[in-house]
Amino acid sequence: MTDNKPTSGGDDVHALSGAYAVDALEPDERARFEAHLRQCADCRDEVDSLREAAAVLGADEVTPPAALRDRLLADIMAVRPLPPLPTEGPVAAPVEEAAPAPVVPLDSRRRGLSRVPLLVAAAAVLIAGVGGAILKPWADDQPGTQLTAAERVLAAEDAIRIDKHFPDGADAAVVVSRSEGRAVILTDDMAPAPEGKAYQLWLQTPAGELEPDRLMPDLRDATVLLDGDASRATGVGITVEPDGGSEQPTSDPIAFYSLDS
Amino acid sequence: MDPVQDNPIGVPLTGAPLGADASDLGSLLKRASRGDNEAFAGIYDATAARVHGLVLRVVRDPAQSEEVTQEVFLEVWRQSSRYDAERGSALAWLMTIAHRKAVDRVRSAEAASRRDETYEQRNHTPDHDTTAEAAQASMEARRVRAALAHLTEVQREAIELAYFGGYTHTEVAALLDLPVGTAKTRIRDGLIRLRDTIGVGR
Ligand SMILES: [Zn+2]
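Residues numbered from 1 in each chain as written. Chains lettered and ligands numbered in written order. Predicted model: local features only at pLDDT ≥ 70, side-chain atom pairs only at ≥ 80, totals over all residues. Heavy atoms only, no water.

Caption draft 1: Expanded view of the pattern of salt bridges. Scanning all chains against the criterion turns up 14 salt bridges over all chains. With a closest N to O distance of 2.7 Å, Glu 46 of chain A and Arg 188 of chain B form a salt bridge. One end of the pair, Glu 46 of chain A, is in helix α3 (residues 41-57); the other, Arg 188 of chain B, is in helix α9 (residues 183-198), on a second chain. Both residues of the pair, Glu 46 of chain A and Arg 188 of chain B, belong to the buried class. Of the charged contacts, one joins Asp 45 of chain B and Arg 69 of chain A as a salt bridge, the two residues approaching to 2.7 Å between their closest N and O atoms. With Asp 45 of chain B in helix α2 (residues 37-59) and Arg 69 of chain A in helix α4 (residues 66-75), this pair bridges two chains. (Salt bridge = Lys/Arg side-chain N within 4 Å of Asp/Glu carboxyl O. Helix = DSSP H or I, 4+ residues; strand = E, 2+ residues; numbered from the N terminus. Buried < 20%, exposed > 50% of the residue type's maximum accessible area, 1.4 Å probe, protein only.)

And the structure:
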């Protein structure tokens, strides 16, 4: 695997494997390399083996306080382990596959509807690739475990997934299940909103109105279940709003997912 | 590039790479993914000292390190079904999660203190002494030290700054006065040599 190793720094993306294995890439490089990893089995194998080597470096042993153990064993009772990944090709990293969906509600649940024309064109410029696909349900449902609402959406037979890829390497996918009546957004390496701003989600009603929904948590990788009724929603939008969110969009969507049905 | 020497040190460099109960950990993870909290306690007891040792070394602040270690194990619990034995040992999987969380913590703390303009040079002074001295006289630590002796000085420094310092390769290049873009190559070459010396991962 090292036979064709580049000997100079160069722009060879394969050469990023070592820095990636020890979390030493710059954010944009990390996104680029993770995209590369999905297509390059050599790099996946190399990263796995280099992580194995790096893990050996951390040989110091420091026993954490006993209270930490007690706290953890209590905490896990409130957290359900994720189901196995659906068999959908290789996974780049074991870390942060799907962060928990921290609940970041709007100041209050807003029922007010706003009439806003959809500014999809602006969003389309930002979007490099858009594709829709039917998700496979889990190969093997876990008996005896309770799925969260978000997981029920992701596992639903009728789940539709729309992926959007941003020029900075971020990915954000919307998964909607009409039967569950809910939508979930999954982000991967999404740059934080600018200081004082937040990403806000919107559900488009069949009448074409945008209904305010949750704010995205301040995490690069997040899984967020939208509050609103997605059984008949015709779209999901993301805008940048002042911290705390808005009743109606104050800017063009940075992404809009059309859920025609 | 200097040639890889024969093992000059009378310490075995190969063998069960990451602890004897590596396969055991894998089956504990499998049980944990089904909600078995006793299995999880077993994972914790077998690995908490290793994980916390790494986190503490990267994060340094004891209180923050405890938070990160707690986050790591919560993540291990949540993600337990995602561990894939074909891709590596369970301990390496855990340490990868721990390292990522620790690095995220130091970087976000750094960004926050930069915002507060209390950011100081101290964050850019690598603590070589603790890095070198902290390794305990365990067999494992001796193996690691022996393996590190096979690296060039710049490879070793680059890996330590990245792995224990939590610096990006660009920052490592600046710290070591290397041309931009060469630190990542040093890190990769060093890790490959480390891997091949210790005999893990392949
Ligand atoms: Zn590659």
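Once you've had a look at it, read on.
Caption draft 2: Seen up close, the environment of Ile 198 of chain B. Residues and elements named next belong to chain B. Structurally, Ile 198 is set in helix α9. For Ile 198, a relative accessible area of 1% puts it in the buried group. As a C-alpha pair, Ile 198 and Arg 143 span 55 residues in sequence and 7.6 Å in three-dimensional space.

Caption draft 3: Representation of the coordination of the zinc ion in the model. All names here are of chain A. Every protein donor of the zinc ion is listed here as His 14 (ND1), His 36 (NE2), Cys 40 (SG) and Cys 43 (SG), and their distances to the metal cover 2.0 to 2.2 Å. Around the zinc ion sit four donor atoms; with metal-centred angles ranging over 101 to 122°, the donor geometry is tetrahedral. Read from N- to C-terminus, the donor residues coordinating the zinc ion fall into the pattern H-x21-H-x3-C-x2-C. Judged on exposure class, the residue His 36 and its partner Cys 40 are both buried. (Donors = N, O, S within 2.8 Å, 3.2 Å for Na, K, Ca; no water. Tetrahedral: all angles 85-135°; square planar, octahedral: opposite > 155°, others 65-115°.)

Caption draft 4: Region of interest: unusual backbone geometry. The phi angle at Asp 23 of chain A is positive, at roughly 55°, despite the residue not being glycine. Among the structural elements, Asp 23 of chain A can be located in the loop between α1 (17-21) and α2 (27-37). A positive phi angle is found at Arg 60 of chain B, which is not glycine, with a value near 75°. Within the element layout of this structure, Arg 60 of chain B appears in the loop between α2 and α3 (62-79).

Caption draft 5: Structural view of the interface of chain A and chain B. Contact residues are listed per partner, giving 69 residues for chain A and 74 residues for chain B. Each partner contributes to the roughly 6600 Å² buried at the junction of chain A and chain B, and carbon and sulfur atoms together form 59% of this total. At the junction of chain A with chain B, the criterion picks out four salt bridges. Salt-bridge contacts for Arg 57 of chain B lead to Asp 60 of chain A; the nearest nitrogen and oxygen are separated by 2.8 Å. Summed over the shared surface of chain A and chain B, the number is 26 residue pairs in polar contact (both at pLDDT 80 or more). Taken together, the elements giving at least two residues each to the side of chain A that touches chain B come down to α1, α2, α3 and α4 of chain A. Considering every element that reaches the side of chain A that touches chain B, the biggest residue donor is α3 of chain A, with twelve residues. The residue makeup of the side of chain A that touches chain B, split by class, is 36 nonpolar, twelve polar and 21 charged. (Contact = heavy atoms within 4.5 Å. Buried area = accessible area lost by both parts, 1.4 Å probe. Polar contact = N/O pair within 3.5 Å; in protein donor to acceptor, adjacent residues only side chain to side chain. Nonpolar A, V, L, I, M, F, W, Y, C, P; charged D, E, K, R; others polar.)

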